Amino acid sequence: MPQIDQLAEIWSSQVFWTLVFFGITFFVIGRGMVPKVMETVGMRDKQISDDLAAAQAARDAADAQEEAWRERENANRAKAQGLIAEAKASAADASEKKLAAAQKRLDTKLAKAEADIEAARTSAMAEIEDVALEATQDIVSRLAGTKVDKRSARSAVKKALANG
């Protein structure tokens, strides 16, 4: 078969040209293009790591600023709480003084009112005694037909009011 006889010649020629083609491709791509691609990949890796480092530095700076802000905020809050407590204490003290003054005025009015009531009660009791004295004298004179002197009648009225 003539096709089989040619196989060795064609095969060796194809192997030769395949090796030549792959050799050229290896040297063009492997020696020319791959180093450039690797250099680009290396530059990208370096750029990414630099960007990550810059982002980390920015995050650290932001965290430090946030911490400083929180410290200032806490200090301001504590100061405000102190001012509030001081204002509350001052207001409570002022209220206490006003209440004490009002209580003193009320106590004075109450003492005066109690004195007035006591004077009115004493006056009323004196009037009641006088009316009771006259009524006693009048009742005794009508019932018994005798006249009772004021001193005896007053003594009996005082005794009756004390018991009853």
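Higher on the page you've got the structure.
Residues numbered from 1 in each chain as written. Predicted model: local features only at pLDDT ≥ 70, side-chain atom pairs only at ≥ 80, totals over all residues. Heavy atoms only, no water.

Caption draft 1: Layout of the overall build of the protein chain. A count of helices and strands for the protein chain gives 2 helices and 0 strands. Considering only C-alpha atoms, the protein chain reaches an extent of 190 × 45 × 15 Å along its principal axes. When the accessible surface of the protein chain is totalled, it reaches about 14,300 Å², and 62% of it is carbon and sulfur. (Helix = DSSP H or I, 4+ residues; strand = E, 2+ residues; numbered from the N terminus. Areas by Shrake-Rupley, 256 points an atom, 1.4 Å probe, with all protein chains shown as cover.)

Caption draft 2: Expanded view of a negative patch on the surface. A contiguous patch of negative charge, built from D60, D63, E67 and E71, is present on the exposed surface. Note on placement: D63 falls in helix α1 (residues 2-143). (Patch = residues over 30% accessible without salt bridge, like charges linked within 9 Å, V, L, I, M, F, W, Y side chains within 5 Å. Salt bridge = Lys/Arg side-chain N within 4 Å of Asp/Glu carboxyl O. Lys, Arg positive; Asp, Glu negative; His and termini not counted. Charge placed at Lys NZ, Arg CZ, Asp CG, Glu CD.)

Caption draft 3: Summary view of a nonpolar patch on the surface. Judged by side-chain polarity, I24, V28, I29, M33, V34 and M38 come together as a nonpolar surface patch covering roughly 550 Å² of accessible area. Looking at the element boundaries, V34 is found in helix α1.

Caption draft 4: Seen up close, the pattern of salt bridges. By the definition in use, this model includes 8 salt bridges. Between K97 and D93 there is a salt bridge, with its nearest N and O atoms 3.7 Å apart. You can see K97 and its partner D93 sitting in helix α1, 4 residues apart, about one turn around the helix. The class for K97 is exposed, based on a relative accessible area of 56%. Residue D93 is classed as partly exposed on the basis of its relative accessible area of 38%. Two residues, R154 and D130, come together in a salt bridge whose shortest N-O distance is 3.7 Å. In this pair, R154 sits in helix α2 (residues 150-163) while D130 sits in helix α1, placing the two residues 24 residues apart along the sequence. Assessed through its relative accessible area of 32%, R154 is described here as partly exposed. Judged by relative accessible area, D130 falls into the partly exposed class, the value being 35%. (Buried < 20%, exposed > 50% of the residue type's maximum accessible area, 1.4 Å probe, protein only.)

Caption draft 5: The arrangement of the packing of aromatic side chains in detail. By the definition in use, this model includes 3 aromatic pairs. The interplanar angle of 75° and the centroid separation of 5.1 Å between the aromatic rings of F16 and W17 together place this pair among those described as edge-to-face. A relative accessible area of 48% places F16 in the partly exposed class. Of the residues examined, W17 reaches a relative accessible area of 53% and is grouped as exposed. (Phe/Tyr/Trp six-rings, centres within 6.5 Å; stacked < 30°, edge-to-face > 60°.)

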